[in-house]
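One letter stands for each residue in the lines below.
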Amino acid sequence: MVGAIGAVLQQIDSPLKVTFLTDCWTQGEHRAYTTIGLLAGEHLCRFVSTNANTNIEDLFAVLDEDNESHQTLIVLDLSCNASERLLLEAGTRLYTKFRWLLVDSRIAEGSDWEQWQQVLKNCPALVSSEVFAIVPESEGAVRVVQVYRVARDSELLAEEFLLWRSDRMVREDLRTEMVTAVRRQNLHGHTLRASMVITNPETIHHLSDYRDKHIDTITKVNYILTNYLASYLGASVNYTRVSTWGYYNSTTGLWDGMIGELVHGAADLGASPLFFTTDRIAVIEYLAMTSETRSKFIFRSPKLSYTDNVFVLPFDTHVWACIIAVIVGSSLLLLLTLWAERRVTGSQATASNPPPPANADASTLLPNLRDTLLMMYGASCQQGSAMLPSSCSARAITMLIFTVLMFLYASYSANIVALLQSPSTKIRSLEDLLASRLKFGVHDTVFNRYYFTHATEPTRKALYEQKIHGAGGGGDSFLELEQGIERIRQGLYAFHVEQGVGYKVISETYQEDEKCGLQEIQYLQVIDPYYAIQKNSPFKEHIKIG
């Protein structure tokens, strides 16, 4: 027996912490097993005494403290005191944490497999377990098998591991596949219980016929995947329907919906994928992302004039500065020219040829700043001027500035026309959305109501309280899908909906030009939903591989 245990340790061929739970072995046997354990791979060995008064929970609490429990191999002699009780109370540790090597010195040489079946009939060595049993045979031979059962009430199955005779290995590692989940892929027709979320009663009649694809979409996708998974595992599936994914009720201290069924053992599989949340990770197991989905605010980009002052947008700030500089500079140049001409004209005047009085002609531009700026203002507004200079140089400057301002005015007007027809690109984030004058709506689903009402991030909380709950009295802002999509079409409305579902309705109801200018902004702070199963499920690796 000592040699057979050493052969098992050597054949497992990975670092092990061997724990012997026994009180009926002698010190000589302890030394022999310790020596064999060390020779079989320099494994760490320790002996923990058990007896009829042993507190099983305290014993397992010590073992559970090890962060590398997957390296622990527990050697248990079922003929010792409290061993059978310890094995029965091991619970999930038999198939999730530790390896087990079972020895029963009461089973005589040449015994058949039925005796071990009788010993292990109540042992939950489920399909993911690593439980080895040593079966004595005739002529000093020892057969080592791995035992497991598909379900708690199914028959015990055995896999040949090795054959040991006296002091030598007769046949080593008889397993066909090293990976346990692949080797035990066939679940022999076991019925897996699956819970799926159905929000529309008609969905149950159209799970696989591709009708109403926009209703309970991710449930229908995962229904087909779950059926293929069951076929891969050689199992069948029994579905139960719930109306919610599952949320924690702080009043009752219980989970409802699909998570409640997984937590309370009513289901093995969550056939509708789930979003990650911190509180859920502690009670269920997430395995794989099976179907992408994104829920976002969808809205038609409002006209630029709705979000910005279009009268300052045609020109860049530097262009506006240059235009002002040109007008001021031209005014000063014209004023200087008029002043110089007036001075030259005045010096050439004689008594017989006096200069004309200031008010001789009201249409003549005089050299003062007030009249010059008034003429330039009229030119910039394309309104002309009632006063014009009389000299050639001053008129040349006037013609030049009128021509320049004409082209600027034409460019400005053309830009205004283009901008009035352009969509706004100002709304890019949730903060922009909150600050906008858009109205808001949310697709009326269970998870939307949950995530919006439980938002804690300041911007998201403010958006719900000010734009959704505050605007609609808590009810009007949660709409049916078609109603929300139609409001998007009318404009100035943001509707939170799952993208695949929303765009299906949009493609069927919108004109082509109405699809242009649609924008999206994500609200939910979640990643794609994952397929979930029970915590500590024996089928975890099977389903993950499948």
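Refer to the preceding data block for the structure.
## As for the side chain of D216
So, point 1. Mapped onto the secondary structure, D216 falls in the loop between β9 (191-197) and α8 (217-233).
So, point 2. Buried charged residue D216 carries no salt bridge. Nearest counter-charge: K220, at 6.4 Å.
So, point 3. Every residue in contact with D216, bar those within four places of it in the chain, is listed here: V197, I198, T199, N200 and T203.

## Digging into the layout of surface pockets
So, point 1. Of the volumes computed, that of the largest pocket is approximately 730 Å³.
So, point 2. Taken together, 24 residues form the lining of the largest pocket, with T96, S128, E130, T180 and E541 sitting closest to its centre.
So, point 3. Breaking the lining of the largest pocket down by element, the ones donating at least two residues are α5 (93-96), β5 (130-136), α7 (180-183) and α20 (540-545).
So, point 4. In terms of residues, the lining of the largest pocket owes the most to one element, α20, which gives three residues.
So, point 5. Split into classes, the residues belonging to the lining of the largest pocket amount to eight nonpolar, eight polar and eight charged.
So, point 6. By volume, the second largest pocket is sized at about 420 Å³.
So, point 7. Contributing to the lining of the second largest pocket are 21 residues, with T199, H214, D216, H443 and T445 lying nearest its centre.
So, point 8. Among the elements of the structure, α8, α16 (446-453) and α18 (481-490) are those that each provide at least two residues to the lining of the second largest pocket.

## Regarding the pattern of salt bridges
So, point 1. Under the defined criterion, the tally for this structure stands at 14 salt bridges.
So, point 2. A salt bridge links K544 to E541; its shortest N-O distance comes to 3.8 Å. Pair noted here: K544 and E541 are both in helix α20, with a separation of three residues, about one helical turn.
So, point 3. When its relative accessible area of 37% is taken as the criterion, E541 is described as partly exposed.
So, point 4. Members of the salt-bridge network, linked through shared partners, are E159, R183 and R184.

## Here's the deal with the sheet that holds strand β14 (residues 284-289)
So, point 1. Reading across the sheet, the five strands line up as β10-β9-β13-β20-β14 and stay open at both edges, with mixed pairing between neighbours. The open sheet has two edge strands, β10 (236-242) and β14, and neither has a second partner. Strand after strand, the sheet turns through a mean of 30° between neighbouring axes, direction not considered.
So, point 2. The sheet contact formed by strand β13 (residues 269-274) and strand β20 (residues 530-534) spans three bridges and is antiparallel. Directly across from L269, in β20, lies its bridge partner I533.
So, point 3. Packing of α8 onto the sheet brings it into contact with β9, β10, β13 and β20, and relative to β13 it is tilted by some 145°.

## Some points on the packing of aromatic side chains
So, point 1. One pass over the structure, following the stated rule, counts 17 aromatic pairs.
So, point 2. Relative to F447, the ring of F275 has its centre 5.9 Å away and its plane inclined at 65°; by these criteria the two rings are edge-to-face. In this pair, F275 is assigned in the loop between β13 and α10 (278-281) and F447 in helix α16, connecting sequence segments 172 residues apart. Taken individually, F275 and F447 each receive the classification buried, so the pair is uniform in this respect.
So, point 3. Relative to W320, the ring of F315 has its centre 5.4 Å away and its plane inclined at 65°; by these criteria the two rings are edge-to-face.

## Structural notes on empty space enclosed by the protein
So, point 1. Under the criterion given, the structure shown has three cavities of 30 Å³ or more.
So, point 2. In this structure, the largest cavity occupies an estimated 100 Å³ of space.
So, point 3. Lining the largest cavity are 13 residues, and of these I218, W245, P273, F275 and F447 lie nearest its centre.
So, point 4. Put simply, the parts of the chain that give the lining of the largest cavity at least two residues each are β13 and α16.
So, point 5. The residue inventory of the lining of the largest cavity, partitioned by class, reads nine nonpolar, two polar and two charged.
So, point 6. Its boundaries defined by the atoms lining it, the second largest cavity holds a volume of some 50 Å³.
So, point 7. What lines the second largest cavity is F275, T293, R294, S295, Q522, L524, V526 and I527.
So, point 8. Here the lining of the second largest cavity is composed, by residue class, of four nonpolar, three polar and one charged.

## So, the sheet that holds strand β17 (residues 478-479)
So, point 1. Taken together, the five strands give an open sheet; going across it, the order is β17-β16-β18-β15-β19, and neighbouring strands pair in mixed fashion. Here the strands that pair on one side only, and so sit at the sheet edges, are β17 and β19 (518-522).
So, point 2. Pairing of strand β15 (residues 295-300) with strand β18 (residues 493-498) involves five bridges; the strand directions are antiparallel. By the bridge assignment for β18, F297 is matched with H496.
So, point 3. Relative to β18, α18 is tilted by about 140°, and along the sheet it contacts β15, β16 (439-443), β17, β18 and β19.

## Topic: helix α14 (residues 392-420)
So, point 1. The end-to-end C-alpha distance of α14 is 42 Å, a good match for the 42 Å that 29 residues give at a rise of 1.5 Å each.
So, point 2. Within the sequence span of α14, burial applies to A394, I397, T398, I401, L405, Y412, I416 and L419.

## Topic: the nonpolar core
So, point 1. Ranked by internal contacts, the top residues of the largest apolar core, which has 36 residues, are F297, L433 and I468.
So, point 2. Elements with a contribution of two residues or more to this core: α9 (257-263), β14, β15, α15 (430-435), β16, α16 and α17 (458-472).
So, point 3. Contacts of L433, omitting those with residues within four sequence positions, involve F297, F299, I427, L438, F440, L463 and I521.
So, point 4. Ranked by size, the runner-up nonpolar core spans 25 residues in total, among them L87, A90, W100 and A125.

## A word on the packing of α18 against helix α19 (residues 499-509)
So, point 1. It is the contact of α18 with α19, at a shortest axis distance of 10 Å, that shows an interaxial angle of 60°. α18 and α19 meet at a crossing whose hand is right-handed. Counting all contacts with α18, which are made through L481, I485 and R489, the residues of α19 involved are V501, G502, V505, I506 and T509.
So, point 2. When the residues that make up the contact of α18 with α19 are grouped by side-chain class, the tally is five nonpolar, two polar and one charged.

## Remarks on the environment of R342
So, point 1. Along the chain, the position of R342 falls in helix α12 (residues 317-348).
So, point 2. When its relative accessible area of 40% is taken as the criterion, R342 is described as partly exposed.
So, point 3. In the structure, R342 is positioned 25 residues away from P367 in sequence and 7.5 Å away in space, judged by C-alpha atoms.

Reading guide: rules and limits
- Residues numbered from 1 in each chain as written.
- Predicted model: local features only at pLDDT ≥ 70, side-chain atom pairs only at ≥ 80, totals over all residues.
- Heavy atoms only, no water.
- Helix = DSSP H or I, 4+ residues; strand = E, 2+ residues; numbered from the N terminus.
- Buried < 20%, exposed > 50% of the residue type's maximum accessible area, 1.4 Å probe, protein only.
- Lys, Arg positive; Asp, Glu negative; His and termini not counted.
- Salt bridge = Lys/Arg side-chain N within 4 Å of Asp/Glu carboxyl O.
- Contact = heavy atoms within 4.5 Å.
- 1 Å grid on protein atoms, 1.4 Å probe; cavity = no way out; pocket = protein on both sides within 12 Å on 5 of 7 lines; lining within 4 Å.
- Points joined across faces, edges and corners; volume = space filled by probe spheres on them.
- Nonpolar A, V, L, I, M, F, W, Y, C, P; charged D, E, K, R; others polar.
- Pairing = 2+ DSSP bridges.
- Axes fitted to C-alpha atoms, helices over the stretch in contact; angles between N-to-C directions.
- Phe/Tyr/Trp six-rings, centres within 6.5 Å; stacked < 30°, edge-to-face > 60°.
- Expected span 1.5 Å × (residues − 1).
- Core = buried A, V, L, I, M, F, W, Y, C linked by side-chain atoms within 4.5 Å.
- Left-handed = near helix turned anticlockwise from the far one by under 90°.

Shape descriptors only; they carry no functional weight alone.
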